[in-house]
Amino acid sequence: MTETPTAVYRLYDAAGYLLYIGSSGDPTRRWREHHKEMFWWREVVRHERQWYAS
């Protein structure tokens with residue numbers, strides 16, 4: 001079985017409050033989906049991501 005790198009990402013608002021935690025093998029694509037779907041997306045001003053081997 002081949003391991004696929006996966007990112008755990010955290011999205012924060014301007015006050016530093018955590019809005020969302022997610023994981024994806026392609027976080028940039030996933031953020032584009034959030035932008036279209038999630039009412040809170042306009043509040044996101046900062047993100048952090050950590051990559052894991054699987």
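The structure reproduced in this document is the subject of the present report. Here the structure is a predicted model, which means the values were calculated and not measured. (Residues numbered from 1 in each chain as written. Predicted model: local features only at pLDDT ≥ 70, side-chain atom pairs only at ≥ 80, totals over all residues. Heavy atoms only, no water.)

1. Comments concerning the overall build of the protein
When you go through the protein residue by residue, the secondary structure sums to 1 helix and 3 strands. When its C-alpha atoms are laid out on the principal axes, the protein stretches across 40 × 20 × 10 Å. In the protein, which comprises 54 residues, the share counted as buried stands at 26%. Here the contacts in the protein between residues at least 6 apart in sequence split such that 50% fall between residues at least 24 apart. Of the roughly 4,100 Å² of accessible surface on the protein, 52% is carried by carbon and sulfur atoms. Of the charged side chains in the protein, 8 are positive and 7 negative; the average position of the first set lies 3 Å away from that of the second. (Helix = DSSP H or I, 4+ residues; strand = E, 2+ residues; numbered from the N terminus. Buried < 20%, exposed > 50% of the residue type's maximum accessible area, 1.4 Å probe, protein only. Contact = heavy atoms within 4.5 Å. Areas by Shrake-Rupley, 256 points an atom, 1.4 Å probe, with all protein chains shown as cover. Lys, Arg positive; Asp, Glu negative; His and termini not counted. Charge placed at Lys NZ, Arg CZ, Asp CG, Glu CD.)

2. Looking at helix α1 (residues 27-37)
For α1, every residue scored as buried is listed here: Pro27, Arg30, Trp31 and His34. Along α1, the residues classed as buried sweep out an arc of 100 degrees about the axis, all on the same side. Turned more than 90 degrees from where α1 packs its buried face, Arg32, His35 and Lys36 sit exposed. Buried residues along α1 sit in contact with β1 (6-12), β2 (18-24) and β3 (46-52). (Arc of directions from axis to C-beta.)

3. Considering the packing of aromatic side chains
Taken as a whole and assessed by the stated rule, the structure comprises 4 aromatic pairs. Here the aromatic rings of tyrosine 9 and tryptophan 31 are separated by 5.7 Å at their centres, their planes lie at 85 degrees, and the arrangement is edge-to-face. Of this pair, tyrosine 9 sits in strand β1 while tryptophan 31 sits in helix α1, placing them 22 residues apart in sequence. For the pair formed by tyrosine 9 and tryptophan 31, the shared burial category is buried. Judged by centre distance (5.0 Å) and plane angle (25 degrees), the ring pair of tyrosine 20 and tryptophan 40 falls under stacked. With tyrosine 20 in strand β2 and tryptophan 40 in the loop between α1 and β3, this residue pair connects regions lying 20 residues apart in the sequence. On the basis of relative accessible area, tyrosine 20 is assigned to the partly exposed category, the value being 25%. Grouped by ring-pair contacts, the aromatic residues Tyr9, Tyr20, Trp31, Trp40 and Trp41 constitute a single cluster. Positioned over the ring face of tyrosine 12 is arginine 46, at 4.0 Å from the centre of the ring. (Phe/Tyr/Trp six-rings, centres within 6.5 Å; stacked < 30°, edge-to-face > 60°. Lys NZ or Arg CZ within 6 Å of the ring centre and 35° of its normal.)

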